Amino acid sequence: MPDEDERWMREALVLARQAADAGEVPVGALVLQAGRVLGRGYNRPIGSHDPTAHAEVQALREAANLLGNYRLPGCTLVVTLEPCAMCAGAMQHARIARVVFGARDAKTGACGSVVDLFGEPRLNHHATVTGGVLAEECGRLLSSFFSAKREAARAAIGRLPGPPVEAPDAPA
């Protein structure tokens with residue numbers, strides 16, 4: 001399975017690069033069933049003005065539409081970044097059987113980094129989770145995206161029109 005996981009993760013990385021090209025956080029996702037892609041998605045919350053337009057949700061929507069059912073039992077979701085709580089919840093509602101992710105997300109990861117929703121015994125659906133598939137490559141894509149964003153912001157500050165603004169003198 002590891003070779004197959006890497007193969008699909010490489011396809012998810014292609015989708016993540018599409019997100020980056022659109023100025024979105026580079027995350028890509030696929031929904032698979034028996035080696036067949038049912039749904040693809042990449043992050044689009046900024047451009048679509050939709051906070052739920054994460055890559056995983058896009059892929060789940062496409063797969064559910066294809067099958068004509070919101071339940072996706074027996075399916076695998078492959079994503080370049082550890083899913084957040086919203087996406088993990090959507091996967092649970094869809095009854096995804098397996099989740100494969102690339103880089104861990106120390107700020108919002110819901111597959112063990114911050115919380116582990118798939119390991120929560122009080123919830124009624126649990127998927128098998130495999131993390132760290134092509135983690136370095138997935139993490140590098142995210143790091144370079146945010147590095148370029150920070151650099152562009154620094155450059156934009158240097159191009160502000162008008163004279164520099166000085167801080168007012170403090171009262172004596």
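Structure: above.
Now for a look at the structure at hand. Computed from a predicted structure; not experimentally measured. (Residues numbered from 1 in each chain as written. Predicted model: local features only at pLDDT ≥ 70, side-chain atom pairs only at ≥ 80, totals over all residues. Heavy atoms only, no water.)

Moving on: the pairing of strand β1 (residues 28-33). The buried fraction of β1 amounts to 5 of the 6 residues, a majority that puts the element mostly inside the structure. Relative to strand β2 (residues 36-42), β1 is paired through 6 bridges, and the arrangement is antiparallel. In the sheet register, Leu30 faces β2, and the bridge partner there is Arg40. Between β1 and β2, which follow one another and run antiparallel, lie 2 residues, and Ala34 among them has a positive phi close to 55 degrees. (Buried < 20%, exposed > 50% of the residue type's maximum accessible area, 1.4 Å probe, protein only. Helix = DSSP H or I, 4+ residues; strand = E, 2+ residues; numbered from the N terminus. Pairing = 2+ DSSP bridges.)

Glancing now at the nonpolar core. Ranked by internal contacts, the top residues of the largest apolar core, which has 43 residues, are Met9, Val31, Leu60, Leu72, Leu77, Met91 and Ile96. Counting residues per element, the ones that place at least two in this core are α1 (2-21), β1, β2, α3 (55-67), β3 (76-81), α4 (85-94), β4 (98-103) and α5 (135-158). It is α1 that provides the largest number of residues to this core, a total of 6 residues. Look past the residues within four positions of Leu77 in its chain and what remains in contact with it is Ala29, Leu30, Val31, Glu56, Leu60, Met91, Ile96, Arg98, Val99 and Val100. (Core = buried A, V, L, I, M, F, W, Y, C linked by side-chain atoms within 4.5 Å. Contact = heavy atoms within 4.5 Å.)

These results come straight from atomic positions and should not be treated as a statement about function.
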